[in-house]
Amino acid sequence: GPNDFDLYRPSEEHEMLRESVRALAEAKIAPFAAEVDEQGRFPQEALDALVANDLHAVHVPESCGGAGADALATVVVIEEVARVCASSSLIPAVNKLGSLPVVLAGSEELKQKYLAPLARGEAMFSYCLSEPDAGSDAAGMKTRAVRDGDSWVLNGVKRWITNAGVSDYYTVMAVTDPEKRSRGISAFVVEKGDTGVSFGAPEKKLGIKGSPTREVYFDNVRIPADRMIGAEGTGFATAMQTLDHTRITIAAQALGIAQGALDYAKGYVTERKQFGKPIGDFQGVQFMLADMAMKLAAARQLTYAAAARSERVTLGGSGKDEQLTFYGAAAKCYASDAAMEITTDAVQLLGGYGYTRDYPLERMMRDAKITQIYEGTNQIQRIVMARNLP
Ligand code: CAA
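Residues numbered from 1 in each chain as written. Predicted model: local features only at pLDDT ≥ 70, side-chain atom pairs only at ≥ 80, totals over all residues.

The next subject is the overall build of the protein. The number of helices and strands found in the protein is 11 helices and 10 strands. Radius of gyration (C-alpha) of the protein: 21 Å, near the 21 Å computed for a compact globule of 390 residues. C-alpha atoms of the protein, sized along the principal axes, occupy 80 × 50 × 35 Å. Within the protein, buried positions represent 49% of all 390 residues. Partitioning the contacts of the protein with sequence separation of at least 6, the portion at a separation of at least 24 is 75%. (Helix = DSSP H or I, 4+ residues; strand = E, 2+ residues; numbered from the N terminus. Rg over C-alpha atoms; globule rule 2.2 N^0.38 Å. Buried ≥ 20, exposed ≤ 12 C-beta atoms within 10 Å, placed from the backbone. Contact = placed C-beta atoms within 7 Å.)

Printed below as a string of structure tokens:
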């Protein structure tokens, strides 16, 4: 209805937030983006700047000591960080992904214990769903949790874990009843310091090189029973509900990367002269920029509409919301495809210069690629959309 439209229009506060995050990102994060990519190192400067300004995990509810930002504000923060450094934008994004299961389904004790340090910037959160042989088919996981008295004992391997090793807390989905497939999966909070937790070598990736991606190993990890998130057997549903909300943050990354590429290309074509005039005077170049801006505007509107739905569902409590499931998948799929097209065209507009590391566009193009893959490939998003058509 008409109210939906009002809901996703950014307010004056959202625009003020955007201005302040943009200024911070340009001053404190952008200067390190090329070096972080080149050296494949964690963007500590970005983490410090985000924590100092309380922007590292804005989604944490006020009742748990957080800023209590709405889903659209979270999108704006991630967009503006991704506009200068996609690797750094994984700090607020994965903090939301890792901790949202606790927000949505955790006990009051778990919330206070794990969300308060996250909100204070003392700990980061990662999300452990995928395994070497269970990616798109997440319910095919093998990691096992067995009850033993007042504890659960975890054994298994998780793969592609963003910010692994840097995060202190891990939401881990594990099989508690192998007979029941997805209804036999439960979610737990595991700490980096729990005995038996270790990490694989960092993956050597095409992009987002500043954000470590590693395997996480669980070797007889014994944790107290109250670390279970929600009821036994609800872990898969919680994991899917979480992705419904957080695929929107991947869309936000895609928007930010694409905006960064468009802004750079727009400036370049006014400076670069060929045939006696700026190349931006040629209609062929103007048409490319028009298409890029059009795709970005459409992707942004869909993402903001999805964020409005995410907000309503968070406020409304738990359960599956088919509209949110559709919109979350659609926003992630559409915005990531748009980002790949826009960054590729931005490289093209710079010609040979765009292909070198002396300019930021090849990095943006490499970073954009992951948004079509993680939190579910865009082929999986189409399965999700088709099963939840509005
Ligand atoms: N909300 C709540 N419950 C949901 C749900 C949702 N969005 N989606 C599914 N469920 C429930 C279903 O209702 C069903 O419950 P019942 O058995 O009680 O009816 C149960 O979960 C199983 O659902 P499906 O039968 O649909 O399950 P499936 O095996 O066919 O899988 C899938 C569905 C959509 C393909 C799912 O496996 C999927 O999303 N795969 C992709 C996984 C993914 O996105 N991985 C990304 C990893 S995270 C990442 O990339 C992190 C990073 O570090 C950045």
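Let us now look at the site of the ligand. Neighbouring the ligand are 26 residues; Thr162, Met240, Lys320, Tyr374 and Gly376 lie closest to it. Per-element tally for the shell around the ligand: the top contributor is helix H7 (residues 235-271), with six residues. Its residues assigned to classes, the shell around the ligand shows 14 nonpolar, seven polar and five charged. (Near = placed C-beta within 6 Å. Nonpolar A, V, L, I, M, F, W, Y, C, P; charged D, E, K, R; others polar.)

Checked against the element boundaries, Phe218 lands in strand S7 (residues 213-224). Residues Phe218 and Gly65, 153 residues apart in the sequence, show an inter-C-alpha distance of 30 Å. In this view, Phe218 contacts Thr143, Leu154, Asn155, Gly156, Gly196 and Val197; residues no more than four positions away in its chain are not counted.

Contact geometry for H7 and helix H9 (residues 322-350): axes closest at 8 Å, N-to-C directions at 20 degrees. Compared by their axis directions, H7 and H9 come out roughly parallel. For the pair H7 and H9, the sense of crossing is left-handed. Within the contact of H7 with H9, the residues separate by chemical class into 23 nonpolar, five polar and three charged. (Axes fitted to C-alpha atoms, helices over the stretch in contact; angles between N-to-C directions. Parallel < 35°, antiparallel > 145°, perpendicular 65-115°, else oblique. Left-handed = near helix turned anticlockwise from the far one by under 90°.)

Attention shifts here to the pairing of strand S4 (residues 169-175). Taken across its seven residues, S4 has seven buried, putting it largely inside the fold. Neither face of S4 is exposed, since Tyr169, Thr171, Met173 and Val175 on one face and Tyr170, Val172 and Ala174 on the opposite face are all buried. Bridge count for strand S1 (residues 125-128) against S4 is four bridges, and the pairing is parallel. Bridge pairing in S4 places Ser126 opposite Tyr170. (Pairing = 2+ DSSP bridges.)

Turning to helix H5 (residues 86-105), a few remarks are in order. The end-to-end C-alpha distance of H5, which contains 20 residues, comes to 29 Å, matching closely the 28 Å that a straight helix rising 1.5 Å per residue would cover. In the structure, H5 departs most strongly from a straight axis at Ser99, where the bend amounts to approximately 45 degrees and where the proline Pro101 lies between one and four residues downstream. Counting buried positions along H5 gives 20 out of 20 residues, so the element sits mostly inside the fold. (Expected span 1.5 Å × (residues − 1). Bend = angle between axes of the 7 residues up to and from the residue.)

A separate point is the nonpolar core. The biggest cluster of nonpolar side chains holds 118 residues, and the ones touching the most others in it are Met173, Phe188, Ala254 and Ala258. Apart from residues no more than four positions distant in its own chain, Met173 is found in contact with Cys128, Leu129, Met141, Ile185, Ala187, Gly235, Phe236 and Ala239. (Core = buried A, V, L, I, M, F, W, Y, C linked by C-beta atoms within 7 Å.)

What follows deals with the packing of H5 against H7. The N-to-C vectors of H5 and H7 enclose an angle of 160 degrees; their axes lie 9 Å apart at closest approach. In terms of axis orientation, H5 runs roughly antiparallel to H7. Note on packing geometry: the crossing formed by H5 with H7 is right-handed. Only Thr238, Ala239, Gln241, Thr242, His245, Thr246, Thr249, Gln253, Gly256 and Ile257 of H7 make contact with H5, whose side of the interface consists of Ala86, Ser89, Ala93, Lys96, Leu97, Leu100, Pro101, Leu104 and Ala105. Of the residues belonging to the contact of H5 with H7, the class tally is nine nonpolar, nine polar and one charged.

A few words on the environment of Ser99. When you line up the elements, Ser99 lands in helix H5. Sequence separation of Ser99 and Val189 is 90 residues, and the distance between their C-alpha atoms is 9.2 Å. Once you skip the residues sitting within four places of it in the chain, Ser99 turns out to touch Tyr114, Leu115, Leu118 and Phe125.

It is generally the case that most residues other than glycine have a negative phi and that most peptide bonds are trans. A positive phi angle, close to 65 degrees, is found at Trp160, a residue other than glycine. Positioned with a positive phi, Glu375 is a non-glycine residue whose angle comes to about 55 degrees. Inspection of the secondary structure assignment puts Glu375 in the loop between helix H10 (361-370) and helix H11 (378-387). Glu375 gets classed as buried once you count the C-beta atoms within 10 Å, which come to 26.

As a further point, take the confidence of the model for the protein. Looking at the protein, the pLDDT average stands at 96 and 97% of residues meet or exceed 70. The secondary structure element of the protein with the lowest average pLDDT is helix H1 (residues 2-8), at 57, and the one with the highest is H10, at 99. Scoring of the predicted complex yields 0.97 for pTM and 0.98 for ipTM. (pLDDT = per-residue confidence, 0-100.)

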